[in-house]
Amino acid sequence: MTSRLERIAEQRRQKLERLRERGINPYPYGYKRTHTTEQAVELLQKWESKPDDKKEADRLAGKLQVKIAGRITAMRNMGKSAFADIRDGSGKIQLLFQDINKYDKEQIQLFNDLDIGDIIGANGPLLRTKSGEPTVWVADFTLLAKSLQPLPEKWHGLSDVEIRYRQRYLDLIANAEAREIFRVRSLVITAIRDFLNQRGFLEVETPVLQPSAGGALARPFTTHHHALDQDFYLRIAPELHLKRLIIGGFDKVYELGRIFRNEGVSTKHNPEFTMLESYEAYADYNDIMSMVEEMVSEISQQVVGDKVKFGEETIKFKPPWPRLELRQAIKKYGGIDFEDYPDAKSLRAAMQGLKMEADPKKDRGKLIDELISTFVEPKLIQPTFLVDYPVEMSPLAKTKPDNKRLVERFEAFAGGMEIANAFTELNDPLEQRERFLQQQKGQQKGRQAEADVEETIDQDFLLALEYGMPPAGGLGVGIDRLVMVLTGQQSIREVILFPQLKEKP
């Protein structure tokens, strides 16, 4: 049996054929607008603020005449006349088709073949209706693109999550809130660039395809280069290449780009995501902490204001942010002092005593990370720094001068999730080599659980370190999560235009 939507689509195809039979191109080349809908509304408002004699002079001179274009999102037939709403990238405006029967025959036929979803261009003077709606009194109009599929029912509030993510274009047509989220995302990225550029950072680009997957503890995606007959990895971090640039003499560098990790999907994780990484010579993690709170505060103020609503909470980004020692935070919220458990076996037993499922294949660092995500992270709604991590969790960070079991590392949290990670960079090439070897041994122990974990060490990076890297502070900021917090979203899929989804069967 033919469905209702199939019948509507067939009717639209019939209209398309009628248009072509009348010699009308339903998909013409370009259209020269004089105004966006937003500019047209502003023009009307400026005209309304003028004295009456000026208003009349402008009207007679045709200064209220506009030529606009957009998608039809609503149509209201009032008998002899009709109204339509059209939307472009800047906003929406109402069209008035006054006394349709007075249009020429071709325009009447075209009007009768219009549907919600069609994109049209219209020309005419601006006015404001009795109900106060900015309106274009249509003198003539043209079809710019015929829509063959009907917009979803109640398009103005499309709520089917599956459709919204799989067909993001429908979500953007239907939901002003979705368009605003991605507008904010763009502004956030621009503001980050401005912040770093003004502080002397140089934006650079590093390889996405890498012979060794390094710079983070994550499972990579693998691909094969046929001409070279060599396997490559989609980068899990740009860190090791950016550090090469610090070694090469650039004192401040950053990169904004996509990162790929072959791991789970959740409300906070997507296999590909956007990361900011920056490195500053002669800085340490304290300097980076100050920069992060200043940067996020400035960006928030510039883009969305000094505070945002996140669930039932109101988050404020004004510095200074609290600094909590990781050890004390886990002890406070989880009841475990990880210093009392020097190896994975003893820590696992303590976690099991709290009725936690402690994976026997996870090392001590990963178990501590599990304690953070279970007990601490959900408590950190207001912007907070967790500082001083165990060395097992941070193979690329410098140890603290007074405690070689901890490193100078912090993670920034807001909205109950990590938004940034940074540390004082390890620049001793011999210690770095030893750390990599220890990390590799730990991976080999968990080989059955993680068969694809890359075993090779980036020898070229270690060679580069031997030429000398200045003291430096490095930073990684998850752009998607930062946008989640700034826009009050609980799922990462709401802030990624095209999130990864399982293919339909």
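Small disclaimer: the values here were computed from a predicted structure and weren't measured. (Residues numbered from 1 in each chain as written. Predicted model: local features only at pLDDT ≥ 70, side-chain atom pairs only at ≥ 80, totals over all residues. Heavy atoms only, no water.)

Engineer: Sorry, what's going on with the overall build of the protein here?
Structural biologist: Scanning the protein from N- to C-terminus turns up 15 helices and 20 strands. In terms of overall dimensions, the protein has C-alpha extents of about 85 × 60 × 50 Å along its principal axes. Look at the contacts in the protein between residues 6 or more apart in sequence, and 65% of them connect residues 24 or more apart. Working note: accessible area of the protein is about 25,700 Å², and carbon and sulfur atoms make up 50% of it. Positive and negative charge centroids in the protein, built from 74 and 78 side chains respectively, lie 6 Å apart. (Helix = DSSP H or I, 4+ residues; strand = E, 2+ residues; numbered from the N terminus. Contact = heavy atoms within 4.5 Å. Areas by Shrake-Rupley, 256 points an atom, 1.4 Å probe, with all protein chains shown as cover. Lys, Arg positive; Asp, Glu negative; His and termini not counted. Charge placed at Lys NZ, Arg CZ, Asp CG, Glu CD.)

Engineer: Explain the nonpolar core here, please?
Structural biologist: Nonpolar side chains tend to gather and get buried jointly when the protein is soluble and globular. Counting 47 residues, the largest nonpolar core has Val188, Ile192, Leu276, Phe410 and Leu475 as the members making the most contacts within it. Here this core gets nine residues from one element, more than from any other, and that element is helix 9 (residues 285-303). Excluding residues that lie within four positions of it along the chain, Phe410 makes contacts with Tyr285, Ile288, Met289, Val292, Phe385, Leu386, Val387, Tyr389, Ala420, Asn421 and Ala422. Of all hydrophobic cores here, the second largest spans 42 residues; its members include Met356, Ala358, Val376 and Val407. (Core = buried A, V, L, I, M, F, W, Y, C linked by side-chain atoms within 4.5 Å. Buried < 20%, exposed > 50% of the residue type's maximum accessible area, 1.4 Å probe, protein only.)

Engineer: In this structure, what is going on with the pattern of salt bridges? I would like to understand it.
Structural biologist: For side chains bearing opposite charge, pairing can occur when the charged atoms are close. Counted by the stated rule, this structure contains 41 salt bridges. Across the pair Asp88 and Arg33 runs a salt bridge whose closest N-O atoms are separated by 3.4 Å. Note that Asp88 is positioned in strand 2 (residues 82-88) and Arg33 in the loop between helix 1 (4-21) and helix 2 (37-48), a separation of 55 residues in sequence. Judged by its relative accessible area of 15%, Asp88 is buried. When the shortest N-O distance is used, the salt bridge between Lys102 and Asp99 registers 3.5 Å. According to the relative accessible area criterion, Lys102 is exposed, its value standing at 70%. Overlapping salt bridges bring together Arg12, Lys15, Asp115, Asp118 and Lys146 as one network. (Salt bridge = Lys/Arg side-chain N within 4 Å of Asp/Glu carboxyl O.)

Engineer: I keep staring at the side chain of Ser394 and nothing clicks. Help me out?
Structural biologist: Mapping Ser394 onto the fold places it in the loop between strand 16 (384-390) and strand 17 (399-400). Taking relative accessible area as the criterion, Ser394 reaches 2% and is therefore assigned buried. Among residues more than four places away in sequence, those in contact with Ser394 are Tyr389, Val407, Arg409 and Arg435.

Engineer: Explain helix 8 (residues 239-247) to me, please; I cannot follow it from the model alone.
Structural biologist: Turn by turn, an α-helix covers 3.6 residues, leaving residues three or four places apart pointing in a common direction. In terms of residue burial, helix 8 counts as a mostly covered element, since eight of its nine residues are buried. Every buried residue belonging to helix 8 is among Glu239, Leu240, His241, Leu242, Lys243, Arg244, Ile246 and Ile247, and all of these are buried. Close packing links the buried residues of helix 8 with strand 8 (209-210), strand 11 (252-260), strand 12 (272-281), strand 19 (417-424) and helix 14 (459-466).

Engineer: Explanation requested: the packing of helix 7 (residues 176-198) against helix 15 (residues 479-487) in the structure shown.
Structural biologist: A pair of packed helices can be characterised by two numbers: the angle between their axes and the separation between those axes. Relative to each other, helix 7 and helix 15 sit at 120 degrees, their axes nearing to 10 Å. Classified by the angle their axes make, helix 7 and helix 15 are oblique. In this structure, helix 7 crosses over helix 15, and the sense of that crossing is right-handed. Residues Ile181, Val184, Arg185, Val188, Ile189 and Ile192 of helix 7 form the contact with helix 15, whose participating residues are Ile479, Asp480, Leu482, Val483, Leu486 and Thr487. Class assignment for the residues of the contact of helix 7 with helix 15 results in nine nonpolar, one polar and two charged. (Axes fitted to C-alpha atoms, helices over the stretch in contact; angles between N-to-C directions. Parallel < 35°, antiparallel > 145°, perpendicular 65-115°, else oblique. Left-handed = near helix turned anticlockwise from the far one by under 90°. Nonpolar A, V, L, I, M, F, W, Y, C, P; charged D, E, K, R; others polar.)

Engineer: Honestly, the packing of aromatic side chains in this entry has me stumped. Any pointers?
Structural biologist: Each pair of aromatic rings is reported with the distance of its centres and the angle of its planes. Applying the stated criterion across every chain, the model contains seven aromatic pairs. Between the aromatic rings of Phe97 and Tyr103, the centroid separation amounts to 6.5 Å while the plane-to-plane angle is 55 degrees, which identifies the pairing as tilted. Each of the two residues, Phe97 as well as Tyr103, counts as buried. Pairing Phe385 with Phe410 gives two aromatic rings, centres 5.0 Å apart and planes at 75 degrees, and the pair type is edge-to-face. With Phe385 in strand 16 and Phe410 in strand 18 (residues 403-414), this pair connects stretches of sequence that are 25 residues apart. Among the residues examined, Phe410 registers a relative accessible area of 0% and is labelled buried. Aromatic rings pair up to connect Phe97, Tyr103, Phe111 and Phe141 into one cluster. (Phe/Tyr/Trp six-rings, centres within 6.5 Å; stacked < 30°, edge-to-face > 60°.)

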